[in-house]
Structure formats: C-alpha cells, structure tokens
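Take a look at the letters that make up each chain.
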Amino acid sequence: MKITIFNPFILFCALSMTLIGRADGASEKLHVRITDTTRQQGEFFTITVTNTTGEPSLQFLDHPYRMFRQSDGSWRALVPVENLTVPGSYTLLVRSGEREETISLTVEPNNRAIQHITLDSSRAKLKATELEKSRVKAALQTQSPEQLFSGNFLRPVDGPTSSLFGLKRSYNDGPVDSYHKGLDIDEPEGAAVKSTAKGRVILTGTVGEGFQVNGNTVIIDHGQALISVYLHLSAITAKEGEAIEAGEIIGAVGQTGISTAPHLHWGIYLYGTSVNPELFVK
Ligand SMILES: [Zn+2]
C-alpha cells in the first residue's frame, strides 16, 4: 500500500540517509532512511529501515520503539518528540542482528507560549479516578501491527482552533508542569464529531463511569502505535471494539469533564506520546 500522508515531509526535506553496516565486516548494508533529521518539540521522526534480518531494534532518548513491517518489506517507526524534550542533539540507535548504526537527530524548540488557565473551584477539585487514568493509559499504549490509516487525516469538526497543541500550562497560577496534549476546536454543543482516520474504537468512557477529567471520551486505534482521542463529548455514538471509517460520526461536541466551554479536544498519540495533530491534516 502506498502511503501518501508523509509526502509533504519527503518533498520539503528530502534528506535521506543510507548508512553502511560496519560490525559484520561484509558488504551487507543496513539502510536507514529518515525524512528529516531535525524536528521540533511535539513533532515526530519518520524512520525506515531496509535490508535487515527481521525486525530492527530502535532506541531514542533511552526509549525503545517497536518497528512495523510495511508492504514493501521495509520496517518503519514514527518516533515522537515529546513536547517538553530539551532542545539539542540526540542519538538514534538502530540495530539489526550484529549490525548497529547511530545517527544524530536534532530537536528544535517549538516556542509555544505559556497558557494561564483559571478553573472555578468545583472543576479545579476534579481529579482523574484510577479507572480513568488506567484505562486511558492502556489505550494510548496500544501498538497493533496493522496500519489502518492512509492519506491525509480529517479534522474531526469544522470549527476554528481555539487552543494550539503544545502550549505550556499553568492552572490557577500554579507551576508550569504540563502542556496541552491536543488541539481545541470550537464548536457548539451537539455538533457531530468524526473519526480523523480509519481505525478501531478501543475505548469509550463516560463521566458516569468515572471519566471526570476528560469527560465523555472516545479513543481510536489507527494501527502501528498511532492513536486519536476525542474528549469532553456530550454524547458518544461509537461502540467499543467496532471498526470505524475515516469521517464516520463517533459522538457530539460537549463540555463534560474539565472544560470551560463546549469544544472538542482532539489529540494524536504515537507510542503513548502526544504529538501535534496539525501534522496529519492537509
Ligand atoms: Zn484541549
């Protein structure tokens, strides 16, 4: 299957690297291709490895990343750059059998502003329940091998962006120790919310079940460690476990959980780390 979603990156920054294996001393080469070796906080590196013996192992910032086999026989991983990563140069380690390569990758600052958020006392007191925390965490870590997404992703609702991904956050003048892990889109209560891409619904959670922070929640697995989330919904129409097409309606905009006005919070995660959803839409 031809994947078109990353073509802009390839066009803009056709820095592809072919590195020659050393450890085996033979002519066999380990090919590592990276569409751009410099990315900002909250973005991701697209890494493709070919000419391997089985699945290569990948390590970046002390974290191992599973690689997924593509239809052309290559192995690929979309490695996220966490939004609070200190800018600088970091080593990517690729291993396949006896062969090992190291590549320097650069993380640049995204210069997102600090957002001061005031919550009224009843909402400020809301804390995530254990059920909410554990179910959301497990869903975000899902790494299913089949790629379900293809092409450009859809914006789940049409309204204007009211809050960017990656804004550093202070609640009620507290310390800046978190950031906005998605994109907020303004829409009136009840507006239809669509799935950003083809996938499988892996979580539906309601306020009544204990989803007090995120509110009514839908999480969709798009395959190969790519997950989308939809928060603060007024209603959920998707069913847990069901296959879903791109653009299919999954629920309605609301302001459940910690939310000061009706809006959709839309997030995209790679290997459990949130990245900027705007990278995936045209
Ligand atoms: Zn939000």
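Residues numbered from 1 in each chain as written. Predicted model: local features only at pLDDT ≥ 70, side-chain atom pairs only at ≥ 80, totals over all residues.

1. Describing the sheet that holds strand β15 (residues 192-194)
Sheet architecture is open: 3 strands sit in the order β15-β21-β19, paired in antiparallel fashion. One side of each edge strand has no neighbouring strand; the edge strands of this open sheet are β15 and β19 (235-236). In the sheet, β19 pairs with strand β21 (residues 249-252) via 2 bridges, with the strands oriented antiparallel. Looking across to β21, one finds that Ile236 is bridged to Gly251. (Pairing = 2+ DSSP bridges. Helix = DSSP H or I, 4+ residues; strand = E, 2+ residues; numbered from the N terminus.)

2. Regarding the sheet that holds strand β5 (residues 63-65)
Here we have 5 strands laid out as an open sheet, ordered β2-β9-β8-β4-β5, and mixed in their pairing. The open sheet has two edge strands, β2 (38-40) and β5, and neither has a second partner. Strand-to-strand twist across the sheet, computed as the mean angle between neighbouring axes with direction ignored, equals 30°. Strand direction decides the pairing type here: strand β8 (residues 88-96) and strand β9 (residues 99-108), joined by 9 bridges, are antiparallel. Bridge pairing links Thr91 to Ser104 in β9. (Axes fitted to C-alpha atoms, helices over the stretch in contact; angles between N-to-C directions.)

3. Brief notes about the environment of Gly257
Here Gly257 lies in the loop between β21 and β22 (263-270). For the pair Gly257 and Asn216, spaced 41 residues apart in sequence, the C-alpha to C-alpha distance is 7.2 Å. Residue contacts for Gly257: discarding those within four places in its chain leaves Val207, Phe211, Gln212, Val213, Asn214, Gly215, Leu231 and His232. (Contact = placed C-beta atoms within 7 Å.)

4. Regarding unusual backbone geometry
Leaving glycine out, the prevailing phi sign among residues is negative, and the prevailing peptide bond configuration is trans. For Asp62, which is not glycine, the phi dihedral falls at a positive 60°. Non-glycine residue Asn172 carries a positive phi angle of around 50°. With respect to the secondary-structure elements, Asn172 resides in the loop between β12 (168-171) and β13 (178-179). Taking the C-beta count within 10 Å as the criterion, Asn172 has 11 such neighbours and is therefore assigned exposed. (Buried ≥ 20, exposed ≤ 12 C-beta atoms within 10 Å, placed from the backbone.)

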